[in-house]
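Notes for the structure review
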There are 2 protein chains.
Amino acid sequence: MAKTKAPEASSGRFAYDGLDRVIHEKARLGVLTSLVAHPKGLLFGDLKQLCKLTDGNLSRHLQVLEEAGLVGIEKSFAHNRPQTVCRITAEGRKRYLRYLDVLEQVVRDASAAAKGEVSPGGQRGLAPA
Amino acid sequence: MAKTKAPEASSGRFAYDGLDRVIHEKARLGVLTSLVAHPKGLLFGDLKQLCKLTDGNLSRHLQVLEEAGLVGIEKSFAHNRPQTVCRITAEGRKRYLRYLDVLEQVVRDASAAAKGEVSPGGQRGLAPA
């Protein structure tokens, strides 16, 4: 019997193109989730604590997010002391929600895979030669 | 009224320590999900197609996964042609499931955050000074 080729439908079945790397990075995922949960913004110090990041690390990731247009950073003074407020932008929220859709698909695939269910892509495993 | 400090309980609320970086990387997440779904193993070529990766990229990620003990790679001959079979190890499956637990928590947090629900950590947003 001729060996069947993996169906074309399965091509890229687990590629997860929508997992935006700017958002997917572990620390940035925490930062964005914090900011989505606090749409009025968070102080740099509170964000640092919520995400257990160092000053340097948080600054670096905020810079990436700001350059990508996902986060806005506002420096001001309160009680004569400088403070930095970080907020998610409208674009950031939109992209975060799109990312979340893909992440939910990953979790569904992964749960199905771990339970040994046939995944919807219909791809085969290793058949005897 | 004295300004209240963010409760200690909220420290690290969005740190997601359990998001194992070896597994979380986008391409490797696809590779591992494919392999969990095919516990008997997948041929290199099929894995490449499922994850839409180049030969070089897939090789590089498989090496990281093999060095971490998550994936086993077996080179052999079939019909006088070399073939490479990739399988998830028992340790790999265990770590993948642990990762999945954290990922599900992220999705729950993110959904709650996006809907504007108060998240269970009880952290505050920006309060008027």
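For the structure itself, look to the data block above.
**As for the interface of chain A and chain B**
Opposite the 56 residues of chain A that make contact, chain B presents 56 residues. Both faces combined, the contact of chain A with chain B buries some 4700 Å², and carbon together with sulfur accounts for 61% of it. The interface formed by chain A and chain B includes four salt bridges. Across the pair glutamate 25 of chain A and arginine 21 of chain B runs a salt bridge whose closest N-O atoms are separated by 2.7 Å. The interface formed by chain A and chain B holds 19 residue pairs in polar contact (both at pLDDT 80 or more) in total. Contributions of two or more residues to the side of chain A that touches chain B are made by helix H1 (21-24), helix H2 (26-37), strand E1 (42-43), helix H3 (44-51), strand E3 (81-88) and helix H5 (90-114) of chain A. The biggest single contributor to the side of chain A that touches chain B is H5 of chain A, with 14 residues. Partitioning the side of chain A that touches chain B into residue classes produces 26 nonpolar, 14 polar and 16 charged.

**Notes on the sheet that holds strand E3 (residues 81-88) of chain B**
Residue and element names in this part refer to chain B. Strand order in the open sheet formed by three strands is E1-E3-E2, with antiparallel pairing between adjacent strands. The outermost strands of the open sheet, each flanked by one partner alone, are strand E1 (42-43) and strand E2 (71-78). In this structure, E2 lies alongside E3, joined through eight bridges in antiparallel fashion. Along E3, the bridge assignment pairs serine 76 with glutamine 83.

**Topic: the packing of H5 of chain A against helix H5 (residues 90-114) of chain B**
Contact geometry of H5 of chain A with H5 of chain B gives a least axis separation of 10 Å together with a crossing angle of 145°. At the point where H5 of chain A passes H5 of chain B, the crossing takes the left-handed sense. Residues Arg93, Tyr96, Leu97, Leu100, Leu103, Glu104, Val106, Val107, Ala110, Ser111 and Ala114 of chain A of H5 of chain A lie in contact with H5 of chain B, whose contacting residues are Arg93, Tyr96, Leu97, Leu100, Leu103, Glu104, Val106, Val107, Ala110, Ser111 and Ala114 of chain B. Class assignment of the residues belonging to the contact of H5 of chain A with H5 of chain B gives a composition of 16 nonpolar, two polar and four charged.

**Some remarks on the sheet that holds E3 of chain A**
Residues and elements named next belong to chain A. Taken together, three strands build an open sheet; the order of strands is E1-E3-E2 and the sheet is antiparallel. The open sheet terminates on both sides in strands that have one partner only, identified here as E1 and strand E2 (71-78). Those strands touched by H2 are E1, E2 and E3, and its axis lies near 90° from that of E3. The sheet strands contacting helix H4 (residues 55-67) are E2 and E3, and the helix crosses E2 at an angle near 120°.

Thresholds applied
Residues numbered from 1 in each chain as written. Chains lettered and ligands numbered in written order. Predicted model: local features only at pLDDT ≥ 70, side-chain atom pairs only at ≥ 80, totals over all residues. Heavy atoms only, no water. Contact = heavy atoms within 4.5 Å. Buried area = accessible area lost by both parts, 1.4 Å probe. Salt bridge = Lys/Arg side-chain N within 4 Å of Asp/Glu carboxyl O. Polar contact = N/O pair within 3.5 Å; in protein donor to acceptor, adjacent residues only side chain to side chain. Helix = DSSP H or I, 4+ residues; strand = E, 2+ residues; numbered from the N terminus. Nonpolar A, V, L, I, M, F, W, Y, C, P; charged D, E, K, R; others polar. Pairing = 2+ DSSP bridges. Axes fitted to C-alpha atoms, helices over the stretch in contact; angles between N-to-C directions. Left-handed = near helix turned anticlockwise from the far one by under 90°.

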